[in-house]
Amino acid sequence: KDSELRTLQMDFLTTSMRVYLRSLEDRKPPELERVKLMDRETIVEFFDSCNVKMQLPETMKMLCEVVKNTKGPPRQAIIDLQRKQLEVLGF
């Protein structure tokens, strides 16, 4: 019973994380901001969204594959994920 509840809890959490990231993508501005500096709220949103993205099972799996294939840390893959999140936020 407890393991079933744990599974349901994890399913709920990952679904919530995906919905959050999807909502950011849905709000993505049509043009990237190239002049203004990011405000504090956007910076916090960036770090929150990166942390959520890193916790997703599919992200962890992708990063593990990179580590297996390159025999090193997945630096560039993480940087690419972060850059994508900046674009989603309009920067």
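Values in this document were obtained by computation on a predicted structure and should not be read as measured data. (Residues numbered from 1 in each chain as written. Predicted model: local features only at pLDDT ≥ 70, side-chain atom pairs only at ≥ 80, totals over all residues. Heavy atoms only, no water.)

S.K.: Help me understand the overall build of the protein, please; the structure alone is not making it clear to me.
M.R.: Looking only at helices and strands, the protein has four helices and zero strands in total. When the elements of the protein are put in sequence order from the N terminus, they spell out α-α-α-α. Computed over the C-alpha atoms, the radius of gyration of the protein is 16 Å, more than 25% above the 12 Å expected from 2.2 N^0.38 for a compact globule of 91 residues. Dimensions of the protein, computed from C-alpha atoms along their principal axes, come out at roughly 55 × 35 × 20 Å. Burial statistics for the protein: of 91 residues in total, 24% are counted as buried. A fraction of 78% describes how many contacts in the protein between residues 6 or more apart in sequence connect residues 24 or more apart. Between the averaged position of the 16 positive side-chain charges in the protein and that of its 15 negative side-chain charges there is a distance of 5 Å. (Helix = DSSP H or I, 4+ residues; strand = E, 2+ residues; numbered from the N terminus. Rg over C-alpha atoms; globule rule 2.2 N^0.38 Å. Buried < 20%, exposed > 50% of the residue type's maximum accessible area, 1.4 Å probe, protein only. Contact = heavy atoms within 4.5 Å. Lys, Arg positive; Asp, Glu negative; His and termini not counted. Charge placed at Lys NZ, Arg CZ, Asp CG, Glu CD.)

S.K.: Can you walk me through the packing of helix α2 (residues 40-55) against helix α3 (residues 57-70) in this structure?
M.R.: Each pair of packed helices can be described by the angle between their axes along with the distance between the axes. As a packed pair, α2 and α3 sit with axes 5 Å apart at the nearest point and diverge in direction by 70°. It follows from the interaxial angle that α2 and α3 lie roughly perpendicular. Each of Lys53, Met54 and Gln55 in α2 lies in contact with α3, whose residues at this interface are Pro57, Thr59, Met60 and Leu63. Class assignment of the residues belonging to the contact of α2 with α3 gives a composition of four nonpolar, two polar and one charged. (Axes fitted to C-alpha atoms, helices over the stretch in contact; angles between N-to-C directions. Parallel < 35°, antiparallel > 145°, perpendicular 65-115°, else oblique. Nonpolar A, V, L, I, M, F, W, Y, C, P; charged D, E, K, R; others polar.)

S.K.: I would appreciate a short explanation of the nonpolar core in the present structure.
M.R.: Most often, soluble globular proteins keep nonpolar side chains buried together rather than apart. Met17, Leu21, Leu24, Phe46, Cys50, Val52, Leu56, Val88 and Leu89 together form the largest nonpolar core, which totals nine residues. Sorting the residues of this core by element identifies α1 (2-26) and α2 as the ones contributing at least two each. Among all residues touching leucine 89, those that are not within four sequence positions of it are Leu24, Pro29, Thr42, Glu45, Phe46 and Ser49. (Core = buried A, V, L, I, M, F, W, Y, C linked by side-chain atoms within 4.5 Å.)

S.K.: Please explain the environment of valine 66 as it appears in this structure.
M.R.: By secondary structure assignment, the location of valine 66 is in helix α3. Placed eleven residues apart in sequence, valine 66 and alanine 77 show a C-alpha to C-alpha distance of 7.7 Å. Here valine 66 is in contact with Lys71, Pro74 and Ala77, once residues within four sequence places are set aside.

S.K.: How should I be thinking about a nonpolar patch on the surface in this particular structure?
M.R.: Taken together, the side chains of Met10, Phe12 and Leu13 make up a nonpolar region of the molecular surface, amounting to roughly 320 Å² of accessible area. For methionine 10, the position within the fold is in helix α1. (Patch = residues over 30% accessible without salt bridge, like charges linked within 9 Å, V, L, I, M, F, W, Y side chains within 5 Å. Areas by Shrake-Rupley, 256 points an atom, 1.4 Å probe, with all protein chains shown as cover. Salt bridge = Lys/Arg side-chain N within 4 Å of Asp/Glu carboxyl O.)

S.K.: Sorry, what's going on with the side chain of lysine 53 here?
M.R.: Here lysine 53 lies in helix α2. Buried and unpaired, lysine 53 has glutamate 25 as its nearest opposite-charge partner, separated by 5.3 Å. Sequence-distant contacts of lysine 53, that is, excluding residues within four places in its chain, are made with Leu21, Thr59, Leu81 and Gln85.

S.K.: Just to check I follow, could you spell out the packing of α1 against helix α4 (residues 75-88) for this structure?
M.R.: At a minimum axis separation of 8 Å, α1 and α4 run at an interaxial angle of 55°. Relative to α4, α1 is oriented oblique. When α1 is examined against α4, the residues Leu21, Leu24 and Glu25 are found in contact with a partner set consisting of Lys84, Gln85 and Val88. The residue makeup of the contact of α1 with α4, split by class, is three nonpolar, one polar and two charged.

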